Amino acid sequence: MNGARHAPEAERTDFLAVLAKVCLVTFLTSLGIVVLYPLLWMALNGFKTNAEIFGNPFALPSGFGVANYISAWNQGIRNYIATSVIVTVGSAICTVLISAWTAYGLTRSKLPGKPFFVGIVLGGLMLSPTVAVIPLVRMMQDLGLYNTYWALIILYTAFRIPFTTFLIRAYMLGLPRDLDEAAIMDGASERQIFWKVTLPLCKPILVSCVILHVLFAWNEYLFAMIFTSGADLQTLPVGLTSIMAKHGTNYAVVFAAMTLSALPIVITFFAAQRFFIRGLAEGIGK
Amino acid sequence: MTVTTQKGDAIKTGLARPDRSQWDRLGPLSAILSFRWILVAFVLILWFVYYPIIDNFVVSTKNQDIFTGETSFVGLDNYRRLQGDPVVWTAIVNNTLYAVISVVFQVFGAFVLAALIEGLSEERWRRFWRAVYFVPSAISITVTGLLFYFIYQPDIGLLDSALTHIGLSDWSRAWLGEEQTAIYAIIAMSQWQGFGYSTLLFAIAIQKIPRELYDAAIMDGAGIWRRLWNITFPLTREMTGLMVIVTITGAFQVFNEVMVMTGGGPNNSSQVLGTWLYQQGFIENDFGYGAAIASVIFVITLMTGFAQLWYTKRRRVEL
């Protein structure tokens, strides 16, 4: 097809291709440094003394003693992590279970008027926490839930049900119905079908939903700041700002505290990358 | 039924029929029973998501004090106050800047970056770069916000020090301390944090494009930009549209990073609607006015939300 290719021309294309490749790799690497260096700087500053932090910011710490990290851990990070774990795990279980029930009801049950109920759930996607926050303060105070774990668990669950239900429902719609039919034939009740047939089949999307919820709940700030005030009840993001306010002059400890709060989620990301990425792919729309 | 050699057959023919009819006999009762599946979710959604948003409009027509609890009906006064409040306009401008800059970097920039990464020949490296760029998105905005708060500091920060190293010391300044630069510094942090997330989503969309299209284009002598423009871009248009909407919605709900980095200062120059709502509703305890600001956010996000639903419906036809 291309007949006799002239040697100089081929060489020139090769040269251009190599040049393009070099440019591309240089660009990707520079961007990678811009992304990762600040994070490395944060972790390294946790090892420095305050005097070193005020010195050349690009310098390495003189030693890798973990004193600042221990100090940050004891000055609150431990409690904040405990609260964050309780709230994150509690709301993740509630959200995913309730959403799976709801998705089942909206796809498989004999519920009349399904489109109407689906509309209500999807409508919830458009309502943002910021808009609801002022009435919610009064409501939580009236319920006696203000400044408790429950306030956050309930709110994280309620505000994430629409999105999580949406994802699980889409997945359930794609599942074959043969197994349901067979189970009905065998005399299984709706409840049995849900637990024994549908839920196990939905495992991949459930894992993705749990991961997306953890990412949300671990990092959430607005509700966590407004609905908790005591140091015992603060989650990591809010606790960090308190550490900043209290020990703002001891920068090294603040850097260590920031690194400690970022670490669990970064480790989770690398450990469960595959599920993470699938979850994000399913959940476009945040 | 005679006893068959195969146990399974006997069970199927023996049990299926009576149970099937029993199931049907439940009829309307089972339809009502089906509500139990959605009951918990609907109680939670209606109570904690829908009701507060309706209540927000009621609160916005009143002036009440959180401590004394005194309430007086003021009609649309709070909304009239919005119009004359210069900070509200600053906030709307800042949210809009946030939206526009984020669309440029996190949608179009991320699209080009994803196409470049997916153009690499080795899967190993594609996966590596996607993961590297995504890392900041996994970290909470509070951490990245505080981190950049320090990076922008003139005394200990990286930025001014780096500018001095490359001979641009004239450019160095207290990025978050000056009215002209504060909001841009915050927006820049947000781009740093968020572009890897959208790059990953675009990469997933690009992976779905059949390779043969590119092979055919290469045969026809199309260069990399032609392929990008004529194949990759049109075939990921759905994703692009969705990302534009999601990014704009997010830009009008911004709160965390502004709160952590400047608290809206200096002199309210970096206020966004979310932080101004917090300032008015929770610091000044002016719930009514805070609720009126919330209504503005509601209207804007509702419009973008409808756009998103419309787009999602188009994308997932089976829904």
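Rules used throughout
Residues numbered from 1 in each chain as written. Chains lettered and ligands numbered in written order. Predicted model: local features only at pLDDT ≥ 70, side-chain atom pairs only at ≥ 80, totals over all residues. Heavy atoms only, no water. Helix = DSSP H or I, 4+ residues; strand = E, 2+ residues; numbered from the N terminus. Buried < 20%, exposed > 50% of the residue type's maximum accessible area, 1.4 Å probe, protein only. Contact = heavy atoms within 4.5 Å. Areas by Shrake-Rupley, 256 points an atom, 1.4 Å probe, with all protein chains shown as cover. Phe/Tyr/Trp six-rings, centres within 6.5 Å; stacked < 30°, edge-to-face > 60°. Lys NZ or Arg CZ within 6 Å of the ring centre and 35° of its normal. Buried area = accessible area lost by both parts, 1.4 Å probe. Salt bridge = Lys/Arg side-chain N within 4 Å of Asp/Glu carboxyl O. Polar contact = N/O pair within 3.5 Å; in protein donor to acceptor, adjacent residues only side chain to side chain. Nonpolar A, V, L, I, M, F, W, Y, C, P; charged D, E, K, R; others polar. pLDDT = per-residue confidence, 0-100. Expected span 1.5 Å × (residues − 1). Bend = angle between axes of the 7 residues up to and from the residue. Core = buried A, V, L, I, M, F, W, Y, C linked by side-chain atoms within 4.5 Å. Domains from an automatic or database assignment.

## Topic: the overall build of chain B
A tally of regular secondary structure across chain B gives 14 helices and 2 strands. Taken over 319 residues, chain B has a buried fraction of 52%. Taking contacts inside chain B between residues at least 6 apart in sequence as the whole, the part at least 24 apart equals 66%. As displayed, chain B offers around 15,500 Å² of accessible surface, 64% of which is attributable to carbon and sulfur atoms.

## Here's the deal with unusual backbone geometry
All names here are of chain B. Here the bond from G265 into P266 is cis, since omega is -10°, no more than 30 degrees from zero. With respect to the helices and strands, the residue P266 is situated in the loop between α12 (256–261) and α13 (273–283). Non-glycine residue N267 carries a positive phi angle of around 55°. Locating N267 in the fold gives a position in the loop between α12 and α13. You will see that N285, though not glycine, has its phi angle at about 55°, which is positive. Note on placement: N285 falls in the loop between α13 and α14 (287–315).

## Focus on the packing of aromatic side chains
Under the defined criterion, the tally for this structure stands at 38 aromatic pairs over all chains. Plain terms: the ring middles of F111 of chain B and F202 of chain B are 5.8 Å apart, the flat faces sit at 75° to each other, and that makes the pair edge-to-face. In this pair, F111 of chain B sits in helix α4 (residues 86–118) while F202 of chain B sits in helix α8 (residues 182–207), placing the two residues 91 residues apart along the sequence. Accessibility classification places F111 of chain B together with F202 of chain B in one group, the buried group. An angle of 5° between the planes, with centres 5.2 Å apart, marks the rings of W229 of chain B and F233 of chain B as stacked. Note that W229 of chain B and F233 of chain B are positioned in helix α10 (residues 224–235) at a spacing of 4 residues, about one turn of the helix. Taken together, the ring pairs connect W41, F54, Y251 and F255 of chain A together with Y149 and F150 of chain B into an aromatic cluster. Of note, R160 of chain A hangs over the ring of F216 of chain A, and the distance from its end group to the ring centre comes to 4.4 Å. Over the ring of Y289 of chain B we find R81 of chain B; its NZ or CZ atom is 3.7 Å from the centre of that ring.

## Side note on the interface of chain B and chain A
Facing the 98 residues of chain B at the interface are 102 residues of chain A. Across the chain B/chain A interface, buried area totals approximately 9,100 Å², and carbon plus sulfur atoms make up 80% of it. The interface formed by chain B and chain A contains 1 salt bridge. The salt bridge partner of E190 of chain A is R36 of chain B, with a shortest N-O separation of 3.3 Å. Viewed at the interface, chain A and chain B are joined by 9 residue pairs in polar contact (both at pLDDT 80 or more). Among the elements that take part in the side of chain B that touches chain A, helix α2 (residues 35–60) of chain B stands out by supplying 20 residues, more than any other. Each residue belonging to the side of chain B that touches chain A can be placed in one class, and the counts come to 69 nonpolar, 20 polar and 9 charged.

## Let's talk about the confidence of the model for chain A
Looking at chain A, pLDDT values average 86 and 93% of them are 70 or higher. Overall, residues 1–5 of chain A carries pLDDT values under 50, and its contacts beyond four positions in sequence, including any with other chains, amount to 1 contact.

## Description of α4 of chain B
Residue and element names in this part refer to chain B. For α4, spanning 33 residues, the distance from its first C-alpha to its last is 46 Å, which sits close to the expected 48 Å at 1.5 Å a residue. The largest bend in α4 is about 35°, located at A110. One side-chain oxygen at the N-terminal end of α4 lies 2.9 Å from the backbone nitrogen of V87; it belongs to D85.

## Comments concerning the nonpolar core
Grouped together as the largest cluster of nonpolar side chains are 184 residues, with contacts concentrated most on F227, F255 and M258 of chain A together with Y133 and L147 of chain B. Counting residues per element, this core draws most heavily on α8 of chain B, at 15 residues. Two domains each donate at least three residues to this core, and these are domain 1 (2–45) and domain 2 (69–284) of chain A. Each residue touching L147 of chain B, except ones within four places of it in the same chain, is listed here: P38, L39, W41, M42, F255 and M258 of chain A together with W192 of chain B.

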